[in-house]
Every structure is written in C-alpha cells, then in structure tokens.
Amino acid sequence: MDSSHGYFAVDGPGFAPNPMAVSQWSSDQVVGPALCGLLARALDIGHATDGFVPVRLTVDLFKPARMHELTVATTRVRDGRRIRLADAVVVQDGAPTARASVVLLQPSEQPPGEIWSRDRQPEPPSPEVAPPSEGPNAPLWHSDESRQWTRVPSEHENGSRKRSWQHPANVVDGERPSPFVLAAMAAEQTSMVTNWSSAGVGFINTDLTVALVRMPEGADIGLEADNHLSRNGIAAGTATLFDRQGAFGSAMITAVANAGRQITASHLDGVIAAASGVRS
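Let me sum up the structure you'll find in this document. (Residues numbered from 1 in each chain as written. Predicted model: local features only at pLDDT ≥ 70, side-chain atom pairs only at ≥ 80, totals over all residues. Heavy atoms only, no water.)

### Quick look at the environment of M185
To be explicit about the condition: Counting from the N terminus, the helices are DSSP H or I runs at least four residues long and the strands are E runs at least two residues long. By definition, residues are in contact when any of their heavy atoms lie within 4.5 Å.
Along the chain, M185 turns up in helix 2 (residues 179-187). In this structure, the C-alpha to C-alpha distance between M185 and T74, residues 111 residues apart in sequence, is 18 Å. Ignoring any residue separated from it by four or fewer positions in sequence, one finds M185 in contact with Y7, P33, G37, P168, A169, V171 and P177.

Structural data, given as structure tokens:
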C-alpha cells in the first residue's frame, strides 16, 4: 500500500472504507482513528475559517460503523466573535453511528502571571530511533518497564505506563491530513496507552475528547498515558499529546469492558508485521 492511500476512498458524496480501515475488534467494523479523522476533517474544512482554530473536539463512538459506504454532515451551532461551535455526524444505512462537536476560538494574547504545570513533560524518541517520517508507518511504543522505543507491541505488554509515537494514516486517499485531523487521529490512541494491561487490551473506548493549545508541528505525534481508572467494567483514561517541540494537548476517553474479544500484543505483533512490508 502506498502512503497516499487512506482509510477511505471518496465515493460521490460519501466515503467507502478501504481495507486498512478495519478494526482489530471485528473484521466488519471501522477502526476508531478512521472515524475520528473523518469527523475532524469535516469540521476542519467547514468551520476552521476566518482565523478560528479548533481547540476542543469530542467524538462519541456509540455504534459500530461497518465496512461499507457512509456519509458525514456538519452543522454550525454558534458563530460568535471569539467562539464558534459546530457539530458533525457520521451516517450509515440511514442511521447515525458516530458524532462529534468542536469548539473553535480566536487566538489572542497570553495573560500575565505564573501558572503551575506538571514538572516532567513527555519526551519523544531520539531522532536516531525515530527519524522524521515521510509517511504513515506502524507506531513506536514505549513503556516504563521496557525503557526503549520499539515497533513490537509484545515487548511492552506489562503493567507500566505506556507511550506511542506515530505518523497517522491519511483519512482519504491522496489527501494529507491537516494538523488538527492528525491530532484527532493520534489522540484516539489514548484508549490504547491507558487501557493496555499485562494481558492485552480489554476495554473498547466509546468516546474521545481532545483539547489543544496549538496544532502539532509535523506529522509525527506522541501520546503519553497520564492515568487509568476502572471499576465494574468501566474505564476512564487520560493522556498528553506531544511532538518534538513539547506538549500541545490533552486527551480523555471512557471505555467499556470487551474482555470476550481481548486484543493481545502477540496478535498486534502479527498485524504490524504483515503491514510493515507494504507501509514502512
């Protein structure tokens, strides 16, 4: 597969999922980053105009989107001098499968004063380990226990904090995603870095919220888990987005147990090995 390929092919007014859009949870389900990217793309194209920049995206993934044609529509909810709101929905077979809302703001000057932030910020892999990429590739993974970045998920199947470094795929064939869309797709991996246990991933996320203070610089984006909370089969996870210039956003997901279809790292090893020959 060439790097110009994306999750979807444009099909008239709709979008047809390409094989790379399939989820590891089901062979007839579209993967979360693809839907997040498609919604973010529609909101970015339709509403990030006149100097407004997207700062908060919330995506609800409430029904599996299947591997056939779907459409996306957006609505302007509010249009003020400093704040703009818009909604988007993915429709398939006449019914909604996912929705999103975006807040866009007009940038302005920083106010005075000192504000606390956490002492240690996430660190990207060294340029020797992860040179600037020319196109999408399998993510690099890091965990506190492994202490090194590798593309082999099973080397990080442990109970320690996880990180990823990735160049997200294109949303549609032949179109490079905008920085906002790249951030949205990278942030969807919050579920992976926060819900990945010593026995694999047993939670499937039902939503994503990402807040941005700036757009990522370049297409290589990192994600570091900040926290995981879970009880009675319900989980919440938070993570920090970063690039080589530093942290630029935060992400949060909620998730529901899906242990009957637990995804193990050894399974992901095989998926990545099969894809790397055509995408690396």
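### A closer look at the side chain of N18
Stated precisely, the cut-off is as follows: Buried residues are those whose accessible area, probed at 1.4 Å on protein chains only, stays under 20% of the maximum for their type, while exposed residues exceed 50% and partly exposed ones sit between those limits. By the criterion applied in these results, polar contacts are pairs of N or O atoms within 3.5 Å in which, for protein atoms, one can donate a hydrogen and the other can accept it, and in which residues neighboring in sequence qualify only through two side-chain atoms.
Position of N18 among the secondary structure elements: in the loop between strand 2 (14-17) and helix 1 (32-47). The exposure class of N18 is buried, given its relative accessible area of 17%. A distance of 2.9 Å separates polar atoms of two side chains, one belonging to N18 and the other to D173. Excluding residues within four positions of it along the chain, N18 makes contact with G6, Y7, F8, A9, M67 and D173.

### A word on the layout of surface pockets
What counts here: A cavity, in this analysis, means grid points on a 1 Å lattice covering only the protein atoms where a 1.4 Å probe fits yet has no way out; a pocket is instead an open set bounded by protein on both sides within 12 Å along at least five of seven lines, and a residue lines either one if it has an atom within 4 Å of a point. Grid points are joined across faces, edges and corners, and a volume is the space filled by probe spheres set on the points. Side-chain classes follow a simple rule in which Ala, Val, Leu, Ile, Met, Phe, Trp, Tyr, Cys and Pro form the nonpolar group, Asp, Glu, Lys and Arg form the charged group, and the remainder, Gly included, forms the polar group.
A volume near 1,300 Å³ is recorded for the largest pocket. For the lining of the largest pocket, the residue count by class is 31 nonpolar, 13 polar and five charged.

### Here's the deal with the packing of aromatic side chains
The cut-off we apply is this: In this analysis, rings of Phe, Tyr and Trp, with Trp reduced to its six-membered ring, are considered paired at centre separations within 6.5 Å, and the interplanar angle assigns stacked below 30 degrees, edge-to-face beyond 60, and tilted for intermediate values.
Per the stated rule, a full pass over the model turns up three aromatic pairs. Taking the centre distance of 6.4 Å and the plane angle of 70° together, the rings of F8 and F15 count as edge-to-face. Looking at F8, the relative accessible area reads 0%, which means it is buried. The buried category is assigned to F15, whose relative accessible area is 10%. Centroid distance W141 to W196: 5.3 Å. Interplanar angle 85°. Geometry classified as edge-to-face. Of this pair, W141 sits in strand 7 (residues 140-143) while W196 sits in strand 10 (residues 196-197), and the two are 55 residues apart along the sequence.

### Comments concerning helix 2
With respect to burial, helix 2 is a largely interior element, eight of its nine residues being buried. Of all the positions in helix 2, only F180, V181, L182, A183, A184, M185, A186 and A187 are classed as buried.

### Structural notes on the pairing of strand 13 (residues 207-212)
How we decide: One requirement defines pairing of two strands: DSSP has to find at least two bridges between them.
Examined bridge by bridge, strand 3 (residues 53-60) and strand 13 share five bridges and lie antiparallel to one another. Across the sheet, the residue bridging to L57 is V210, located in strand 13. In the sheet, strand 13 pairs with strand 16 (residues 246-257) via four bridges, with the strands oriented antiparallel. Paired with V210 across the bridge in strand 16 is A251.

### Considerations on the nonpolar core
Test applied: By nonpolar core we mean a set of buried residues, namely Ala, Val, Leu, Ile, Met, Phe, Trp, Tyr and Cys, connected to one another through side-chain atoms within 4.5 Å.
Counting 66 residues, the largest nonpolar core has Y7, F8, L39, L57, L70 and L241 as the members making the most contacts within it. Among the nonpolar cores identified, the runner-up in size contains five residues, and L140, W149, W165 and F242 belong to it.

### So, unusual backbone geometry
In most cases, non-glycine residues show a negative phi, while peptide bonds are predominantly trans. Positive phi outside glycine occurs at D50, with the angle close to 60°. The class of D50 is exposed, set by a relative accessible area of 59%. In this model, D93 sits at a positive phi of 55°, which is unusual for a non-glycine residue. In this structure, D93 sits in the loop between strand 5 (83-92) and strand 6 (95-105). D93 sits in the exposed class, given a relative accessible area of 64%.

### Comments concerning helix 1
Turn by turn, an α-helix covers 3.6 residues, leaving residues three or four places apart pointing in a common direction. Here is the rule we go by: Under the convention used throughout, the expected extent of a helix is 1.5 Å for every residue step, that is, one less than its residue count.
Compared with an ideal rise of 1.5 Å per residue, which puts 16 residues at 22 Å, helix 1 spans 22 Å between its outermost C-alpha atoms and is within 8% of the ideal. Extensive coverage of helix 1 is indicated by the burial of 14 of its 16 residues.

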